[in-house]
Amino acid sequence: MKTLQRWFSRRGALPLTCYLVAVALWLVLGAVHWGSDALARSAGTMYETDIPVSDWKLAGLTETAATPESAALTTTDGDPQMILEDVSDMVVRTVSYTVEFDGDAREMCLYYTTKVGEDYSQDRRVFPESLGDGRYLYTLPRTSIVALRLDPCSPDANKTVGLTFTPGTISLNAPETLPAVWQYFVPTWYQAFCLVLYPALAAAALSWLRALVSALRRKTV
């Protein structure tokens, strides 16, 4: 107890402690995520698979051409969708594909559900990261995924968009899209911002609380 009192009596000890706790928790979280993925791989539930475009349920899209090397689709309305109705038997971390658009794709997003029969919602969607050369990557949250709905484009009113997937498949858990071991412990820019902000806020709140407790004690003496 006296050691702790001496530590916290030092200038800057409280914010430093908050940052050390935040870093420790972040490393533990990274280890948990790495371990979870390692177990899923060993259990055979987290694996790479390439789903042919023709195996997705199409809505607002029509297939115009298909070869072993590519698959071509054309939009038929303003809300084109590609639906994979059941992926509950596997762990899905990423979705990726290479596509060329004949027209303005506008908004692209991937919806997911976490329960059987659950409606798709804007609260459960992710947007792609462009990897260049027409390749797009969606990174899903770490939750149970039951179904996927890819909205590959959002055509302007009274316009159509052509899509050519090369090859004619969409990849789930492509190896090059999954994190290496060290990447589990490296925060994104937003996560790094949170690691800077929230420990500082916690230190400020604790400092204020400590001052309040000290003031109350003086009044009762």
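Digging into the overall build of the protein
Counting secondary structure elements, the protein contains three helices and 13 strands. For 221 residues, the compact-globule formula gives about 17 Å, and the C-alpha radius of gyration of the protein, at 24 Å, lies well above that figure. Along the longest, intermediate and shortest principal axes, the C-alpha atoms of the protein span 85 × 45 × 35 Å. Put simply, the protein has 221 residues, and 34% of those count as buried. Relative to all contacts within the protein whose residues are 6 or more apart in sequence, the contacts with residues 24 or more apart total 75%. In the structure as shown, the protein presents an accessible area of about 13,500 Å², 59% of it carried by carbon and sulfur atoms.

Re the packing of helix α2 (residues 13–43) against helix α3 (residues 189–220)
For the pair α2 and α3, interaxial distance at closest approach is 8 Å and the crossing angle is 140°. Comparing the axis directions of α2 and α3 gives the class oblique. Viewed along their axes, α2 and α3 form a crossing whose handedness is right-handed. Between α2 and α3, the contacting residues are Leu 14, Pro 15, Cys 18, Tyr 19, Ala 22 and Trp 26 on the first element and Gln 191, Leu 195, Val 196, Pro 199, Ala 200, Ala 202, Ala 203, Leu 206, Ser 207 and Arg 210 on the second. Taken together, the residues of the contact of α2 with α3 sort by class into 13 nonpolar, two polar and one charged.

A short note on the environment of Tyr 19
The residue Tyr 19 is located in helix α2 in this model. When its relative accessible area of 29% is taken as the criterion, Tyr 19 is described as partly exposed. In this structure, the C-alpha to C-alpha distance between Tyr 19 and Ala 38, residues 19 residues apart in sequence, is 28 Å. Of the polar contacts made by the side chain of Tyr 19, one reaches the backbone oxygen of Val 196; its length is 2.7 Å.

A word on the UniProt feature "transmembrane region" (unreviewed entry) in the protein
With numbering aligned to this structure, UniProt lists the feature "transmembrane region" (unreviewed entry) at residues 12–34 and 189–209. Split by type, residues 12–34 is 96% helix and 0% strand. Its first and last C-alpha atoms lie 33 Å apart. Along residues 189–209, the helical share is 100% and the strand share 0%, with 30 Å between the first and last C-alpha atoms.

Details of unusual backbone geometry
Residue Pro 167 follows Thr 166 across a cis peptide bond; omega there is -5°. Within the secondary structure layout, Pro 167 lies in the loop between β12 (162–165) and β13 (169–172). Notably, Asp 133 is not glycine yet its phi reads approximately 60°, a positive angle. Here Asp 133 shows up in the loop between β9 (129–132) and β10 (135–139). Given the relative accessible area of 82%, Asp 133 is considered exposed. Residue Asn 173 is not a glycine yet carries a positive backbone phi of 60°. Along the chain, the position of Asn 173 falls in the loop between β13 and α3.

Conventions and cut-offs
Residues numbered from 1 in each chain as written. Predicted model: local features only at pLDDT ≥ 70, side-chain atom pairs only at ≥ 80, totals over all residues. Heavy atoms only, no water. Helix = DSSP H or I, 4+ residues; strand = E, 2+ residues; numbered from the N terminus. Rg over C-alpha atoms; globule rule 2.2 N^0.38 Å. Buried < 20%, exposed > 50% of the residue type's maximum accessible area, 1.4 Å probe, protein only. Contact = heavy atoms within 4.5 Å. Areas by Shrake-Rupley, 256 points an atom, 1.4 Å probe, with all protein chains shown as cover. Axes fitted to C-alpha atoms, helices over the stretch in contact; angles between N-to-C directions. Parallel < 35°, antiparallel > 145°, perpendicular 65-115°, else oblique. Left-handed = near helix turned anticlockwise from the far one by under 90°. Nonpolar A, V, L, I, M, F, W, Y, C, P; charged D, E, K, R; others polar. Polar contact = N/O pair within 3.5 Å; in protein donor to acceptor, adjacent residues only side chain to side chain. UniProt positions renumbered as here; feature names shortened; annotations may be inferred.

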